[in-house]
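Single-letter residue listing:
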Amino acid sequence: MRTYLDCYPCFMRQALDALGRITEDEEEQLRILQGVTEEIASFDPTSTPPEMAQRIHRILRRETGLDDPYREAKEESTRHALALYPELKRIVEESDDPLETAIRVSVAGNIIDLGATAEYDLEGGIERALKQDFAVHDIGQFRARLAETERLLFLGDNAGETVFDRVLIETLGRPVDYAVRGAPVINDATREDAAAAGLDRVAHVIDNGSDAPGTLLPFCSEEFRTVFHEAGLILAKGQGNYESLSEEPAPLFYLLQTKCPVIARDLGVPVQSLVFKRNGAGDAERSASNHPVA
């Protein structure tokens with residue numbers, strides 16, 4: 001997905017949010033923000049938003065010397081999600097359709113996105129995701145592809161959300177390679193965050209070798225690109241993975257909440273939609289398979 005004009009204010013908001021977590025010194029904030037503004041002004045709008053975010057957060061880390069400004073927020077979101085884990089498991093196990101419900105649980109966790117908003121209601125998000133119709137719901141095609149696939153590549157997104165993904169992985173009945181970022185960026189999950197969520201107990205955790213808040217294949221490690229291109233089925237969580245991979249020819253399914261008007265418009269759905277979309281999918285399975293989960 002290319003960068004739209006509406007993305008630019010969001011880049012600035014992200015930078016300001018990160019700076020507020022790093023320092024209260026307004027002079028230092030202004031100095032660093034001026035450098036970020038120059039970088040944004042020089043950005044090629046035909047590139048994807050995660051490419052710009054990667055450059056912004058590299059500047060912030062370089063100028064402040066702080067590798068992970070969101071560490072405390074990530075740890076707190078993981079603790080919060082783990083406290084909910086037993087109830088999430090119960091909901092899935094008692095459901096008439098455990099896979100459908102586990103997908104809803106996983107997408108509920110996508111509300112933990114500090115790149116999109118600094119505040120979120122996790123319990124309210126779970127309740128909404130269990131009841132709200134999907135705007136795009138290609139689950140029938142996913143079931144068919146899953147039945148033919150021995151091993152799945154799962155592209156993770158944010159820390160804390162990892163716990164919700166764990167519930168889905170435990171329901172898939174397939175070996176899973178779970179990919180995280182190669183270095184901290186915003187509140188995206190790293191190996192450390194995945195381990196804190198217990199994902200190393202249910203999946204083979206790998207990293208993509210990149211510090212972008214998405215999956216920018218040219219910036220990923222050769223090892224990760226090999227896994228990606230050999231995968232028979234890829235489940236990509238969150239807006240950043242959609243933004244960076246939406247034009248990539250691969251057996252991808254995107255699972256996300258649309259928190260951003262630009263991404264919602266690109267997908268052709270309202271903001272706050274639940275989306276489970278096959279790469280390049282049409283409308284065949286959208287409205288017919290929408291139904292609430294008890």
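Our subject is the structure that appears above.
Each chain has its residues counted from 1, following the order in which its sequence is written. At least 70 in pLDDT is required for a residue's local features to be given in this predicted model, at least 80 for side-chain atom pairs to be given and counted, and no such filter applies to totals for whole chains, interfaces and linings, which use all residues. Excluding hydrogens and water, the side-chain figures rest on all heavy atoms present in the structure.

**So, helix α6 (residues 122-131)**
Every α-helix winds through 3.6 residues per turn, so residues three or four apart in the chain are directed the same way.
Here is step 1 of the chain: Buried residues of α6: Leu122, Gly125, Ile126, Ala129 and Leu130, and no others. Looking straight down α6, one finds its buried side chains confined to an arc of 130°; they lie on one side.
Here is step 2 of the chain: Tucked into the core, α6 has its buried residues touching α4 (71-93), α5 (98-108), α8 (161-172) and β7 (274-278).
Here is step 3 of the chain: As used in this structure description, the phrase polar contact means that two N or O atoms lie within 3.5 Å; if the pair is within protein, one of them must be able to donate a hydrogen and the other to accept it, and residues adjacent in sequence are counted only when both atoms belong to side chains. The way it works is that DSSP assigns letters per residue, a run of H or I at least four long becomes a helix, a run of E at least two long becomes a strand, and they are numbered from the N terminus. Taking the backbone nitrogen of Gly124 as reference, a side-chain oxygen 3.0 Å away marks Asp121 as the first, capping residue of α6. Exposure categories follow from relative accessible area, calculated using a 1.4 Å probe and restricted to protein chains: below 20% of the type maximum is buried, above 50% is exposed, and the middle band is partly exposed. In this context, the arc is that of the directions from the helix axis out to the C-beta atoms. Should any heavy atoms of two residues lie within 4.5 Å, those residues are considered in contact.

**Digging into unusual backbone geometry**
Here is step 1 of the chain: Within the chain, Ile186 stands out as a residue other than glycine whose phi angle is a positive 45°.
Here is step 2 of the chain: Its identity as a non-glycine residue notwithstanding, Gln272 has a phi of 70°, on the positive side.
Here is step 3 of the chain: Here Gln272 lies in the loop between α12 (261-267) and β7.

**Things to note about the layout of surface pockets**
Here is step 1 of the chain: Here a cavity denotes grid points, spaced 1 Å and computed from the protein atoms alone, that fit a 1.4 Å probe unable to get out, and a pocket denotes an open set having protein on both sides within 12 Å along at least 5 of 7 lines; residues with an atom within 4 Å of a point are the lining. Grid points are joined across faces, edges and corners, and a volume is the space filled by probe spheres set on the points. Taken as a whole, the largest pocket spans an internal volume of roughly 450 Å³.
Here is step 2 of the chain: Put simply, the parts of the chain that give the lining of the largest pocket at least two residues each are α1 (7-22), α3 (49-64), α11 (238-245) and α12.
Here is step 3 of the chain: A per-element tally of the lining of the largest pocket places α1 first, with four residues.
Here is step 4 of the chain: Residue classes follow a fixed rule: Ala, Val, Leu, Ile, Met, Phe, Trp, Tyr, Cys and Pro count as nonpolar, while Asp, Glu, Lys and Arg count as charged, and any other residue, Gly among them, counts as polar. Here the lining of the largest pocket is built from residues that sort into 13 nonpolar, six polar and six charged.
Here is step 5 of the chain: Reported here for the second largest pocket is a volume of approximately 160 Å³.
Here is step 6 of the chain: For the second largest pocket, the lining is made up of 14 residues, of which Thr48, Leu216, Pro218, Ser244 and Glu248 are closest to its centre.

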